[in-house]
Amino acid sequence: MPLMEGKNVLIFGVANHRSIGWAIAQSLSREGAKIILAYQDRMEKYVRELAAKIPGTEVILCDVQDDAQLDAAFAKAGELFGGRIDTVIHSVAYAPASELENPFLETTRAGFQTALDISAYSLIAVAKRAKPYMEASGGSILALTYMASLHVMPKYNVMAVAKAALECNVRYLAYELGEFNIRVNAISAGALNTLAARGVSGFSDFRSQTAVIAPLRRNIEQSEVGDSALFLSSDLARAITGEILFVDAGYNIMGAASH
Ligand SMILES: NC(=O)c1ccc[n+]([C@@H]2O[C@H](COP(=O)([O-])OP(=O)(O)OC[C@H]3O[C@@H](n4cnc5c(N)ncnc54)[C@H](O)[C@@H]3O)[C@@H](O)[C@H]2O)c1
């Protein structure tokens, strides 16, 4: 039987065909999942075009900074899915451009709040609203993080702080939701050329470094994150929660730049 047969999946964070969220939608739908894409207002056109490529896929407006939109999105998803959501994918991040260009020391209070609100708090906001639709039969919530939470990646700045908070959210949510058989994990993806990544000055250097330094001596592709998300969302990963899984060609294990 396909791994996601009969599973209802709500995905936050598709902007265009390069989005990690879109790769996840493709991997999960390939294995039988029904998909809803929750989009930010300005992405509507692209998200509708992409949704049309997977028959039966629905789209719902949702800005994760807006509690009313979150409430409405979950009510609508619950209705479309007949009251049960099995998997939620959180593939959302944002920091004002200036925060990713200026020195970290110049991080502003407003920029910090925005980055942490959209990129970290939103996982709690999403998990809280997903719980009523998951608790009867269990579920899986998956976020996307980056190794800059652990090691300094110049110019990742406040987004690294947001990722550290996001990873901590994963552990606390996993603890509280575990008794309902709701698993919460994150994938720490290697550098990928997406809209969000292009906002970080020097991001292309992260990819050129990976190709040389990573044990697999190459960069990763979106589809490889999609397939790992498929594993974590499926029953194959039923005993895994609170975990951060690196999907980065092994880059994170390296201490020295070359051998
Ligand atoms: N690209 C990489 O190298 C990389 C590496 C590791 C982790 N990640 C993470 O993967 C996730 C997806 O990013 P991506 O690289 O696919 O880029 P992307 O730009 O395609 O996706 C980011 C998404 O966040 C959404 N978003 C931003 N603010 C929002 C808001 N207020 N409400 C709702 N949605 C909002 C955007 O609409 C977009 O769909 C992010 O969490 C990112 O940090 C990316």
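The following refers to the structure shown. Every chain is numbered on its own, with residues counted from 1 as its sequence reads. pLDDT decides what is reported in this predicted model: residues at 70 or higher carry local features, side-chain atom pairs at 80 or more are listed and counted, and totals for whole chains, interfaces and linings draw on all residues regardless. Each side-chain value is worked out from all heavy atoms of the structure, with water and hydrogens disregarded.

1. Some words on the site of the ligand
Right, on to step 1. Inspection of the region around the ligand gives 28 residues, with S19, Q40, K163, L192 and T194 positioned closest.
Right, on to step 2. As used in this structure description, the phrase polar contact means that two N or O atoms lie within 3.5 Å; if the pair is within protein, one of them must be able to donate a hydrogen and the other to accept it, and residues adjacent in sequence are counted only when both atoms belong to side chains. A distance of 2.6 Å separates an oxygen atom of the ligand from a polar side-chain atom of S19.
Right, on to step 3. Between the ligand and V64 there is a distance of 2.9 Å, counted from a nitrogen atom to a backbone nitrogen or oxygen.
Right, on to step 4. Here the Shrake-Rupley method, with its probe set to 1.4 Å, supplies the accessible areas, and only the displayed protein chains count as covering residues. Taken by itself the ligand offers 810 Å² of open surface, and the protein chains cover 96% of this.
Right, on to step 5. Strands are runs of DSSP state E lasting at least two residues, helices are runs of H or I lasting at least four, and both sets are numbered from the N terminus onward. Listed by contribution, the elements that provide at least two residues to the shell around the ligand are β5 (139–145) and α6 (195–198).
Right, on to step 6. The biggest single contributor to the shell around the ligand is α6, with three residues.
Right, on to step 7. Residue composition of the shell around the ligand, grouped by class: 19 nonpolar, seven polar and two charged. It suffices for a single heavy atom of a residue to lie within 4 Å of a molecule or strand for the residue to be listed as near it. Residues are grouped as follows: nonpolar covers Ala, Val, Leu, Ile, Met, Phe, Trp, Tyr, Cys and Pro; charged covers Asp, Glu, Lys and Arg; every other residue, Gly included, is treated as polar.

2. As for unusual backbone geometry
Right, on to step 1. The backbone of R217 sits at a positive phi, close to 55°, despite the residue not being glycine.
Right, on to step 2. With respect to the secondary-structure elements, R217 resides in the loop between α7 (203–213) and α8 (222–233).
Right, on to step 3. Only protein chains enter the area calculation, which uses a 1.4 Å probe; residues under 20% of their type maximum are buried, those over 50% are exposed, and those in between are partly exposed. Looking at R217, the relative accessible area reads 46%, which means it is partly exposed.
Right, on to step 4. Backbone geometry at A249 places phi at a positive 60°, although glycine is not the residue there.

3. What to know about the pattern of salt bridges
Right, on to step 1. By convention in these notes, a salt bridge is any Lys or Arg side-chain nitrogen within 4 Å of a carboxyl oxygen on Asp or Glu. The tally for this structure, following the rule as stated, stands at nine salt bridges.
Right, on to step 2. Among the salt bridges present, the one from D227 reaches R30, with a minimum N-O distance of 3.2 Å. With D227 in helix α8 and R30 in helix α1 (residues 20–30), this residue pair connects regions lying 197 residues apart in the sequence.
Right, on to step 3. By relative accessible area, which is 35% here, D227 ends up partly exposed.
Right, on to step 4. Where K45 meets E49, a salt bridge forms, and the shortest distance between an N and an O atom there is 3.2 Å. With K45 and E49 both in helix α2 (residues 44–51) and four residues apart, the pair spans about one turn of that helix.
Right, on to step 5. Each of D67, D71 and R129 takes part in a single network of salt bridges with overlapping partners.

4. Overview of the pairing of strand β6 (residues 182–189)
Right, on to step 1. Counting buried positions over the eight residues of β6 gives eight, a clear majority of the element.
Right, on to step 2. On β6, burial covers both faces: I182, V184, A186 and S188 on one face and R183, N185, I187 and A189 on the other are all buried.
Right, on to step 3. Between any two strands, pairing holds if DSSP finds at least two bridges. The pairing of β5 with β6 spans seven bridges and is parallel. Within the sheet, the bridge partner assigned to A143 lies in β6 and is A186.
Right, on to step 4. In this fold, β5 hands off to helix α5 (residues 157–177), which returns the chain to β6; that crossover is right-handed.
Right, on to step 5. Pairing analysis gives four bridges linking β6 to strand β7 (residues 244–247), with the strands arranged parallel. Seen with its strands pointing away from the viewer, a crossover is right-handed if its path from the first strand over the helix to the second goes clockwise.

Structural measurements only, silent on function.
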